Amino acid sequence: MPELPEVEITAERLDEALRGATIESSLAPGINALKTFDPPLHAIDGQTISGVRRIGKHLVVDVGDDLSLLIHLMSAGRLQLFDKRASLKDRTSRLLVRVDHDRELRLREFGTKQRAWVKLLRREDVERDDAVASLGPEAWPDPPEDLAERLAGAGARPLHGVLRDQKVIAGIGRSWVDEILWTARLSPFQRGNDLDADQAKALREAIIEVLGRAMAHYEENVHLPIPDKLPLPLLVHRKQGEPCPRCGTTLEAVFYEDYVMTYCPTDQTGGKVLKDRRLSRLLK
Ligand SMILES: [Zn+2]
């Protein structure tokens, strides 16, 4: 779930709080969370946090002059700063970084899957790491001017999928893509290589508007510790059955195994209600 706006507000708030803080000790209780072993995790102990930033949907905690923790929250992770130290019984903890003034930075992951990950890298290796080197340009605040060409270059793929392809454009996921396509009045199934100039312009403007509005909402409403559930200011995603906030048509949805695509038939699909794949599978 954490997409560009959620990761960006996390990075901003942690940067404000942790820049200049001293790391006392570190521990990775998550069995599979720490993906690197050289340098060892304890190399950050005793060092100063020089900043927290975002790349795509990744968080980067810069430590001292030449080390960085590269973190991916995946679908259910949070990077949270607490005043009190963790009980070791907290099964959600994947990484614990104890910092001065009795605080603790904790990578926690909810749900049953352990997919969030951490790499401790030399600073110059962050940009070269596979996860970062493969990313397309940032979706916000300034999406690429050549967005239409980038989408076309990805082939005849539905917009709903291609906009979530981090190699094409970085930061958009399953929640915000619904909001962006609804704002741009584009069908989730329209092919990315089949946009006219007006549609491409509307899409780029919708990305700026939707992600910018989310950020403004978080700037006002999200403070430390970053809550387990962020107050997502969504208008259409997962609101199937409710009236479209723009035209009043009942919002429809297509259900996939692990996500849902919500859209307005009047605004986005020429009045057509798309086939619900879950339903059609059940009927076979
Ligand atoms: Zn509508």
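Basis of the calculations
- Residues numbered from 1 in each chain as written.
- Predicted model: local features only at pLDDT ≥ 70, side-chain atom pairs only at ≥ 80, totals over all residues.
- Heavy atoms only, no water.
- Helix = DSSP H or I, 4+ residues; strand = E, 2+ residues; numbered from the N terminus.
- Rg over C-alpha atoms; globule rule 2.2 N^0.38 Å.
- Buried < 20%, exposed > 50% of the residue type's maximum accessible area, 1.4 Å probe, protein only.
- Contact = heavy atoms within 4.5 Å.
- Areas by Shrake-Rupley, 256 points an atom, 1.4 Å probe, with all protein chains shown as cover.
- Lys, Arg positive; Asp, Glu negative; His and termini not counted.
- Charge placed at Lys NZ, Arg CZ, Asp CG, Glu CD.
- Polar contact = N/O pair within 3.5 Å; in protein donor to acceptor, adjacent residues only side chain to side chain.
- Donors = N, O, S within 2.8 Å, 3.2 Å for Na, K, Ca; no water.
- Tetrahedral: all angles 85-135°; square planar, octahedral: opposite > 155°, others 65-115°.
- Phe/Tyr/Trp six-rings, centres within 6.5 Å; stacked < 30°, edge-to-face > 60°.
- Lys NZ or Arg CZ within 6 Å of the ring centre and 35° of its normal.

Undergrad: So what exactly am I meant to see when it comes to the overall build of the chain here?
TA: Looking only at helices and strands, the chain features eight helices and 10 strands. Here the C-alpha radius of gyration of the chain, 20 Å, is about what a compact globule of 284 residues would show, namely 19 Å. By its C-alpha atoms, the chain is 60 × 40 × 35 Å across when sized along the principal axes. Split into buried and exposed, the 284 residues of the chain put 52% on the buried side. Considering only contacts within the chain whose residues lie at least 6 apart along the sequence, 62% involve residues at least 24 apart. Looking at the chain as shown, the accessible area adds up to about 13,500 Å², and 49% of this sits on carbon and sulfur atoms. Seen as two clouds, the 42 positive and the 45 negative side-chain charges of the chain have centres 7 Å apart.

Undergrad: Can you walk me through the side chain of glutamate 109 in this structure?
TA: Positionally, glutamate 109 belongs in strand E7 (residues 103-109). A distance of 2.8 Å separates a polar side-chain atom of glutamate 109 from the backbone nitrogen of alanine 116. Residues within four places of glutamate 109 in sequence aside, it is in contact with Ala76, Gly77, Thr92, Arg94, Gln114, Arg115 and Ala116.

Undergrad: Would you mind showing me how to read the coordination of the zinc ion here?
TA: Six octahedrally arranged donors around a metal ideally form angles of 90 or 180 degrees; four tetrahedrally arranged donors ideally form angles of 109.5 degrees. At 2.1 to 2.3 Å from the zinc ion lie its protein donor atoms, namely Cys244 (SG), Cys247 (SG), Cys264 (SG) and Asp267 (OD). Coordination at the zinc ion is tetrahedral, judged from the four donor atoms that bind it and the angles of 101 to 123° they form at the metal. Mapped onto the sequence, the donors of the zinc ion take the spacing C-x2-C-x16-C-x2-D. Of this pair, cysteine 247 sits in the loop between helix H6 (197-221) and strand E9 (252-255) while cysteine 264 sits in the loop between strand E10 (260-263) and helix H7 (265-268), and the two are 17 residues apart along the sequence. Note on cysteine 247: relative accessible area 36%, which makes it partly exposed.

Undergrad: Looking at this model, I keep getting lost on the packing of aromatic side chains. Mind explaining?
TA: Applying the stated criterion across every chain, the model contains one aromatic pair. Consider the rings of tyrosine 256 and tyrosine 259, whose centres lie 4.8 Å apart with planes at 10°: the pair is stacked. A relative accessible area of 15% means that tyrosine 259 is categorised as buried. Above the plane of the ring of phenylalanine 82 lies arginine 106, whose end atom (NZ or CZ) is 4.2 Å from the centre. The aromatic ring of tryptophan 117 is capped on one face by lysine 119, whose charged end is 4.8 Å from the ring centroid.

Undergrad: Explain helix H5 (residues 174-183) here, please?
TA: Because the α-helix completes a turn every 3.6 residues, residues three or four places apart line up on one side. Most of H5 is tucked away, with nine of its 10 residues classed as buried. Those residues of H5 that fall on the buried side of the exposure criterion are Ser175, Trp176, Val177, Asp178, Glu179, Ile180, Leu181, Trp182 and Thr183. Where the residues of H5 are buried, they touch helix H1 (4-18), helix H4 (159-162), H6, E10 and H7. Once H5 finishes, arginine 185 follows within two positions and takes phi at roughly 55°, a positive value.

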